[in-house]
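Each chain, written out:
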Amino acid sequence: MNYSPTQLGSDSMHEVSTHPVAHQHTAPTGFIRKYVFSLDHKVIGKQYYGLALVSVFIGMVLSWLLRIHLAYPDYHIPFLSKLSAAGAPGGVMTPEYYLSLLTMHGTLMVFFVLTNAPFAAFGNYFLPIQIGAEDMAFPRFNMMSFWTTFAAFVVMMASFFVADGPPISGWTAYAPLSAVGRDAGPGLALGQDLWAISIAIFCIASLLGALNFIATTLDLRARGMSLMRMPYSTWAWFVTSVIALLAFAVLLPACVLLILDRVAGTSFFIPAGLVLSDRLQPHSGGSPLLWQHLFWFFGHPEVYIAILPSIGIVATILPVFTRRPLLGPKALIGSMVAIGFLSYMVWGHHMFVSGMNPFSANIFSIPTLIITIPATIMTLLLTASLYGAKMRFDTPALFCLGFISVFISGGISGFYLAQPSLDTYLHATYFVVAHFHFVMAVASLFGVFAGTYFWFPKMFGRMMSESLGRWHFWLTFLGVYCVFMPMHYLGLVGNVRRYSAFVDDYLAPLLPVHRFITIAALLTGAAQLIFLWNLIWSRFRGPVASENPWEATSLEWSTTSPPPFDNFGGKHPVVNHGPNELGVDGPDGTDFLMQTAAPKSS
Amino acid sequence: MGVGVQDAIHAGQKLGGSGLPPITRNTRLPNVTLSERPERSETGVWIGIFAIVMTFAALTSAMIVREGVALDWQHFQLPKILYLDTLILCFSSWTMENALAKLKEGESRFSEGMTWLCITLGLGGIFVVGQVIAWRVLAWQGLFLATNPSSSFFYVFTAAHALHLIGGILGLGYLIYKLNRARSARTTGIRATSLYWHFMDGLWVYLIVLLLARM
Amino acid sequence: MGKVFAVLVTLITLVSIAFFVMHTWWLPPNISTTGKAVDHQLEETLIGTGVLFLAGQLMLGCFAWMASGKAKDARAKRFPGGATSIVVAAIVVVGIEIFTLTFVGSKAWGAIYLTPAEPGSLRVDVQAEQFAFYFRYPGPDGQFGGLHPDKIDDGSGNYFGLDPANDVAARDDIVVGSLVVPVDRPIALSLHSKDVGHSFYVRELRMQVDFVPGLNIPLHFTATQAGKYEIVCTQLCGLGHYNMKAYLEVMSEPDYEQWLKTQAGQ
């Protein structure tokens, strides 16, 4: 290929565009184009983060309501009757309203927080920059996928305001409870329809997003950015998007079939002979287990979608603060890929006691246990990378350490549930609740916190308050253990989950434990307000951040804070190193080499 | 203006790079023709194909399970028009390839290529009409969405395919519009569109075989 | 900071483990012949995972401690064996644990779910509905009557939808709200649901299985100790889910016979 001189760049030292660059789009003007319907992946990433932030606070408030009701069933919660006069007359929830709030808590957290924040938000913002691209491969699809997610959110929230309220079938929406319609009880009419529609819309949005991530990673890497030179966070987003592409593609038809059962009289999931509300239901031949299989075929990869990006984020951040490369880069990446692959083989471990053929329990148990191996490898690699280091204990680093601790805790409890012979006792008890909250609500969220404190300077050009960050960390770290560790013990006693009250002789004596958990949850939740305040205050008043305040190596730190519209100001970064050049002799007496630094002289 | 090649490369090297342009895939250099560089829209379509395959795989397994769990599966005859529809769609893949060949040949064959694209578009539309006719035939026989699990799956499968095909028709229409405006074959998205079209064809063949075997 | 973290992590770990070891909140005593294997499996897992938990958290705390306040230029020290030793250790240690637990555990699981009920077991038909369990005994003729969902009438106590007028076998079926069984006798349950998914969970039996609408799920057990135990629903079934329970009453053989006679007389 020949480049005639006239095609080459200007005479400015900083404008090395050595060939006509096909800009995705020119810089936007006007408020709507810049901040609302933006094609810029950075704006879209922030929009996703904002949506996740709103969702997590709603979800957290819901959890407070649930916990208060459980621990103090007679307490009149102020303002609750304003939210729903029928659901909480006098501020005391009805059993069905408890289940409605429970369903929305789970749905918001799993879909709108844990799929949005670590994956869509940070991935959208930083994937293109970390690989040296100007934007995502399909910026218009990117914008569409955010606004489609937002539409799904609106539809989901609408269920709060319909007559019967949100659905009561849990975020797992098992059929036939979720499929027969109004006859199954309060909360299962329009609210359930809205839920199913919202999730179907969410699937489409996620599919678009995943497609974008994959195409961008494959096609838009800068010169020198081989796959093995990509930062761990990029790898995590890439593997996650492959998982997401295949998983959401299965949930979408499942939701469609559910909707058809509800409104079109089909019988995919509803068998014959069911009598609900004294009415023989006009369906026949369907299989409730079919819903479970379809749902969990999506559902299990979904939880890896929730955790893998956080693992990648922690693996990216930790070396920056230990000032040395992570142990075993290839092993880490290999483990991520292995987990992605294995995640599709284990869905039946949610169904050990579901009435499916008990022999299949053995078959699902084996890959479920095997998946602990790459998880253990990753945890050990992260931990062992600390050995012999002198660490900088800034807030991002603290959350990385916290992540490792809570991921160990959450992973260990998985060991029990992976065995059918133990699951026969522990299934549907608080042991399960402890397990998934540790790995998802805590570990994954710690990854998001670490990422926020780490990348905030890059995104907004200002540092977050370090002292507020530390308060946030210590209170949260202690708090989450106080909230979720006792749930293991409750599970061992046989405390069943999704109960709106503990009225029987067996469970009533456990109320003091529940009270402890509730108080811890309220306090830990309050501590999150420190984080929220820190975000808002630092956005406007935080100390101005330099280009690379943490002295990190990946490409986002080679551009301004925040990056210009096309990420690199017309330059095309050329990558000469992997992200692991820490603790080496760098220029000007520093101890690191950025990925774009000149190659080491041969 | 007039910065020498060497100067530009040196400038680039001073900033820590090799000074040469990066390998990004979608740069539109003047001397690129249709057949050469892979486009990112093609990558996108490939990824989309994986997702759509998963969706139809999920529906397939749902159908197999549903047929097996209860004794209420009623077999019925597929409307004959579906066979004609299959031929039409397969033929449209041929016309699509024809269009591509003509467009590749260059400016002289451009109009012919456009014609073949329009024919393909028309055939796609006829296919969808054929689907609707098939649904009417079934309705006339009393087979609706909820009548029987077999009819339920028939409608779900054919509707899902038709929806995706309509997406392809819209995409093809947009491509024709773009080509018409540019009056040049150096428009992005030609191969992506044809790839998607062939996939829709292949998916339909899979479906008709599946439905024949199961319905 | 690192030292504080190390101390906190250690404290949390030790306190957590203490509660596990002390059995402060623990399983109720096992009363099932197959339950002992489950309990044994649980103990093994506790020990195995307890070691991993302790080791992992302490290692983390230890390294965090060491990483704080050290002199510069400690780059030289890397984890002994590097990544390879970690990968190998993970595969070997975790692999062995997996292998052992699976091998032993599958026997415990199989004893409950993969072995057929003993011939001559006492058969009981169990129906779950929103929000109660009902139990049906075949009665003196030893035969269960057919079920007709259209005949279900809770008001008159016809929970199962029996048709005694036309179905001879249904006439002497005994329908009660408690699962009454004799001790040390094999019991074979058949579980079905009237409406949505429910679950049958008796902690003391170490058993749990869902009611799947449209299916009849078998479950069998032998209770070794008399007493009254809760049967609770664990599959979200609607607003009354939290209160959906029945009792398993295990009686001596003579007491059971007495109870049966009383029921049959009614």
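Scroll up a little and you will see the structure.
Residues numbered from 1 in each chain as written. Chains lettered and ligands numbered in written order. Predicted model: local features only at pLDDT ≥ 70, side-chain atom pairs only at ≥ 80, totals over all residues. Heavy atoms only, no water.

Enquirer: Teacher, can you tell me more about the interface of chain C and chain A here?
Expert: The extent of an interface is frequently quoted as the accessible surface area lost upon association of the parts. Between chain C and chain A, the contact holds 94 residues from the first and 98 residues from the second. Roughly 8,300 Å² is buried in total at the junction of chain C and chain A, and carbon and sulfur atoms are behind 73% of that figure. Applying the counting criterion to the chain C and chain A interface returns zero salt bridges. At the boundary of chain C with chain A, the tally comes to 18 residue pairs in polar contact (both at pLDDT 80 or more). Among the elements of the structure, α1 (2-21), α2 (35-66), α3 (82-113), β7 (207-211), β9 (227-232) and β10 (245-251) of chain C are those that each provide at least two residues to the side of chain C that touches chain A. The element best represented in the side of chain C that touches chain A is α3(C), accounting for 17 residues. Within the side of chain C that touches chain A, the residues separate by chemical class into 57 nonpolar, 22 polar and 15 charged. (Contact = heavy atoms within 4.5 Å. Buried area = accessible area lost by both parts, 1.4 Å probe. Salt bridge = Lys/Arg side-chain N within 4 Å of Asp/Glu carboxyl O. Polar contact = N/O pair within 3.5 Å; in protein donor to acceptor, adjacent residues only side chain to side chain. Helix = DSSP H or I, 4+ residues; strand = E, 2+ residues; numbered from the N terminus. Nonpolar A, V, L, I, M, F, W, Y, C, P; charged D, E, K, R; others polar.)

Enquirer: When you look at the pattern of salt bridges in this model, what are you seeing that I'm missing?
Expert: When the charged atoms of two side chains with opposite charge come close together, those side chains can pair. Residues and elements named next belong to chain A. According to the stated counting rule, one finds 18 salt bridges over all chains in the structure shown. With its nearest N and O atoms 3.1 Å apart, the salt bridge here joins Lys42 to Asp40. Judged by its relative accessible area of 9%, Asp40 falls in the buried class. (Buried < 20%, exposed > 50% of the residue type's maximum accessible area, 1.4 Å probe, protein only.)

Enquirer: What am I meant to see in the nonpolar core here?
Expert: Buried together is how nonpolar side chains tend to be arranged in soluble globular proteins. Ranked by internal contacts, the top residues of the largest apolar core, which has 345 residues, are Phe135(C) and Leu179(C). For this core, the leading source of residues is helix α9 (residues 288-322) of chain A, giving 22 residues. For Leu179(C), the contacting residues outside a window of four places in its chain are Val124(C), Phe135(C), Tyr137(C), Leu189(C), Phe200(C), Phe221(C), Ile231(C), Tyr247(C), Leu248(C) and Glu249(C). (Core = buried A, V, L, I, M, F, W, Y, C linked by side-chain atoms within 4.5 Å.)

Enquirer: What's the story with the packing of aromatic side chains in this structure? I'm lost.
Expert: In this description, an aromatic ring pair is defined by two values, namely the gap between the centres and the angle between the planes. A full pass over the atoms with the stated rule returns 82 aromatic pairs over all chains. The interplanar angle of 75 degrees and the centroid separation of 5.0 Å between the aromatic rings of Phe146(A) and Trp147(A) together place this pair among those described as edge-to-face. A residue is classified by how much of its surface remains accessible, and Trp147(A), at 24% relative accessible area, is partly exposed. Ring centres 5.7 Å apart and planes at 15 degrees place the aromatic pair Phe91(B) and Trp94(B) in the stacked group. With Phe91(B) and Trp94(B) both in helix α3 (residues 81-105) and three residues apart, this pair spans about one turn of that helix. (Phe/Tyr/Trp six-rings, centres within 6.5 Å; stacked < 30°, edge-to-face > 60°.)

Enquirer: Before we go on, may I ask you to explain unusual backbone geometry in this structure?
Expert: What is expected of a backbone is that most residues other than glycine have negative phi and most peptide bonds are trans. A cis geometry characterises the amide bond from Ser561(A) onward to Pro562(A), with omega recorded as -5 degrees. As for its position among the elements, Pro562(A) is in the segment after α17 (511-541). For the peptide bond that leads from Gln130(C) to Phe131(C), omega is 5 degrees, which places it in the cis range. Phi at Glu551(A) takes a positive value of approximately 55 degrees, unusual for a residue other than glycine. In this structure, Glu551(A) sits in the segment after α17.

Enquirer: Is there a simple way to explain the packing of helix α8 (residues 232-263) of chain A against helix α10 (residues 329-342) of chain A in this structure?
Expert: The description of two helices packed together rests on the angle between their axes and the distance between the axes. Residue and element names in this part refer to chain A. The N-to-C vectors of α8 and α10 enclose an angle of 15 degrees; their axes lie 9 Å apart at closest approach. As summarised for this structure, α8 and α10 are arranged roughly parallel, according to the angle between their axes. Both α8 and α10 take part in a crossing whose hand is right-handed. Contact with α8, carried on its side by Tyr232, Trp235, Ala236, Val239 and Ile243, involves Pro329, Leu332, Ile333, Met336, Val337 and Gly340 of α10 and no other residues of that element. Class assignment for the residues of the contact of α8 with α10 results in 10 nonpolar, one polar and no charged. (Axes fitted to C-alpha atoms, helices over the stretch in contact; angles between N-to-C directions. Parallel < 35°, antiparallel > 145°, perpendicular 65-115°, else oblique. Left-handed = near helix turned anticlockwise from the far one by under 90°.)

Enquirer: It is not clear to me how helix α13 (residues 395-417) of chain A should be interpreted in this structure. Could you clarify?
Expert: Residues spaced three or four apart along an α-helix point in a common direction, a consequence of the helix completing one turn every 3.6 residues. Taking 1.5 Å per residue as the helical rise, α13(A) with its 23 residues ought to reach 33 Å, and the 33 Å between its terminal C-alpha atoms agrees with that figure. A large share of α13(A) lies buried, amounting to 22 of its 23 residues. (Expected span 1.5 Å × (residues − 1).)

Enquirer: It is not clear to me how the sheet that holds strand β8 (residues 217-222) of chain C should be interpreted in this structure. Could you clarify?
Expert: Strand pairs in the sheet, formed through backbone hydrogen bonds, run parallel or antiparallel to each other. All names here are of chain C. The five strands are arranged β3-β2-β1-β5-β8 in an open sheet whose pairing can be described as mixed. For this open sheet the edge positions go to β3 (174-176) and β8, each flanked by a neighbour on one side alone. Between one strand axis and the next, the sheet turns by 25 degrees as a mean value, whatever way the strands run. Of the strand pairs in this sheet, strand β1 (residues 122-129) and strand β2 (residues 132-137) are connected by five bridges, and their pairing is antiparallel. (Pairing = 2+ DSSP bridges.)

Enquirer: Help me understand the environment of Pro186(A), please; the structure alone is not making it clear to me.
Expert: Position of Pro186(A) among the secondary structure elements: in the loop between α6 (139-158) and α7 (190-219). Classification of Pro186(A) by relative accessible area gives partly exposed; the value is 29%. With 405 residues separating them along the chain, Pro186(A) and Asp591(A) place their C-alpha atoms 63 Å apart. When neighbours within four sequence positions are excluded, Pro186(A) is seen to be in contact with Glu96(A), Asp164(A), Ile168(A) and Leu239(C).

Enquirer: What should I look at first to understand the arrangement of the chains in this one?
Expert: Interchain contacts are distributed over two pairs of chains, and the most extensive set of them lies between chains A and C. When C-alpha atoms are compared, chain B and chain C, though not in contact, are closest at a spacing of 9 Å.

Enquirer: What's the story with the side chain of Ser84(A) in this structure? I'm lost.
Expert: The residue Ser84(A) is located in the loop between α3 (80-83) and α4 (95-113) in this model. Here Gly87(A) takes part through its backbone nitrogen, which lies 2.7 Å from a polar atom of the side chain of Ser84(A).

Enquirer: Help me out: how do you make sense of the state of the cysteines in this one?
Expert: When the sulfur atoms of two cysteines share a covalent bond, that bond is a disulfide. Counted under the stated rule, the structure contains zero disulfides over all chains. A disulfide-free cysteine, Cys233(C) has its sulfur positioned 3.9 Å from the sulfur of Cys237(C), the nearest such atom. (Disulfide = S-S within 2.5 Å.)

Note that all results are geometric; they support no functional claim without further evidence.
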